[in-house]
Amino acid sequence: MKYEPAPLPFSKTPEGISEKTLTIHHDKLYVGYVNKKNEIEEKLLPLMQGGDVASANQSYSELRALLDGLTFSANGTYLHEWYFESLAGAGVPQGPFADALIARFGSMENFLKFFAAAGMAARGWAVLAWDTKSQALQVYIGDAHNQGGVWGAVPVLVMDVYEHAYFLDYGSDRKAYIESYLKQLNWDRLNELYTSASR
Ligand SMILES: [Fe+2]
């Protein structure tokens, strides 16, 4: 089944992110991942339904290239959707997600400090997830779309720290981008995502 790209989930441009950055990020990069995901799935389907997979090999094989590309493009798709959903809110922490963060980190200030640092430590993604195995909020980082993810952890707050997310607006000052990103979070949407993930 063809996956349709989601439109940007807000009408006003998020604070601290330019229209140009956002357009490139959504229309070119994100949509590019969706298209690759669809293309790969189309090639995989006949193989899944009784095709010749006898040459499967971990060093190199067509099946390996397709499956590796699928995890990259699927995560590139989903992580960006969570990222876009976190943008363009009032930025004032409130609701069950904020309460859960305060319980886990001791204070909202502690959480924001730690999550910002995780964004500096990551090469691609900082993800605050509900870990369904440990039944706790946890921060995981990814250095590529298909690296660093933990099975069973459901992302709630996903911060993109690849340079394409901020370089046009902040140059190499990732810290300033993260600071500005954390000030405009959409807590209404994050509360919905947290409630659904931890249910
Ligand atoms: Fe991105």
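Residues numbered from 1 in each chain as written. Predicted model: local features only at pLDDT ≥ 70, side-chain atom pairs only at ≥ 80, totals over all residues.

1. Considerations on the packing of helix H3 (residues 95-105) against helix H4 (residues 108-121)
Heads up, the rule is: Interaxial angle, 0 to 180 degrees, is taken between N-to-C directions of lines fitted to C-alpha atoms, where a helix line uses only the stretch in contact. Comment: elements are numbered from the N terminus, with helices defined as DSSP H or I runs of at least four residues and strands as E runs of at least two. Angular relationships are summarised with four words: roughly parallel below 35 degrees, roughly antiparallel beyond 145, roughly perpendicular across 65 to 115, and oblique for the angles in between. By definition, residues are in contact whenever their C-beta atoms, placed on the basis of the backbone, come within 7 Å of each other. Residues were grouped as follows: Ala, Val, Leu, Ile, Met, Phe, Trp, Tyr, Cys and Pro as nonpolar; Asp, Glu, Lys and Arg as charged; and all remaining residues, including Gly, as polar.
Following both chains from N to C, one finds H3 and H4 inclined at 80 degrees, their axes separated by 8 Å at the closest point. The angle between H3 and H4 falls in the class roughly perpendicular. Counting all contacts with H3, which are made through Ala 98, Leu 101, Ile 102 and Phe 105, the residues of H4 involved are Met 108, Asn 110, Phe 111 and Phe 114. For the contact of H3 with H4, a count of residues per class yields seven nonpolar, one polar and no charged.

2. Digging into the nonpolar core
Heads up, the rule is: Note on definitions: a nonpolar core is a set of buried residues drawn from Ala, Val, Leu, Ile, Met, Phe, Trp, Tyr and Cys, linked by C-beta atoms within 7 Å. Put simply, a residue is buried when 20 or more other C-beta atoms lie within 10 Å of its own C-beta and exposed when 12 or fewer do; between those, it is partly exposed, and each C-beta is set from the backbone. What fixes the domain bounds is an automatic or database domain assignment.
Residues Ala 126, Leu 128, Val 156 and Val 158 are the most contacted members of the largest nonpolar core, which totals 36 residues. Of all elements in the fold, only helix H2 (62-85), H3, H4, strand S1 (125-131), strand S2 (136-142), strand S3 (153-160), helix H6 (174-182) and helix H7 (187-198) reach the threshold of two or more residues within this core. A total of six residues in this core trace back to one element, the largest contributor, which is S1. Mapped onto the domain boundaries, this core takes at least three residues apiece from domain 1 (19-85) and domain 2 (95-198). When sequence neighbours within four positions are dropped, the list of residues in contact with Ala 126 reads Phe 115, Ala 118, Gly 119, Val 139, Ile 141, Met 159 and Val 161.

3. Here we look at the domain arrangement of the chain
Partitioning the chain into structural domains gives domain 1 (19-85) and domain 2 (95-198). A separation of 23 Å is found between the C-alpha centroids of domain 1 and domain 2. Across the boundary between the two partners, domain 1 contributes 12 residues, which contact 14 residues of domain 2. Counting only elements with at least two residues in the side of domain 1 that touches domain 2, the list comes to helix H1 (19-48) and H2. The element best represented in the side of domain 1 that touches domain 2 is H2, accounting for eight residues. Looking at side-chain class alone, the side of domain 1 that touches domain 2 contains five nonpolar, five polar and two charged residues.

4. Details of unusual backbone geometry
For Ala 88, which is not glycine, the phi dihedral falls at a positive 65 degrees. Checked against the element boundaries, Ala 88 lands in the loop between H2 and H3. Accessibility expressed as a C-beta count within 10 Å gives 21 for Ala 88, which makes it buried. Even without a glycine there, the phi angle at Gln 135 is positive, about 55 degrees.

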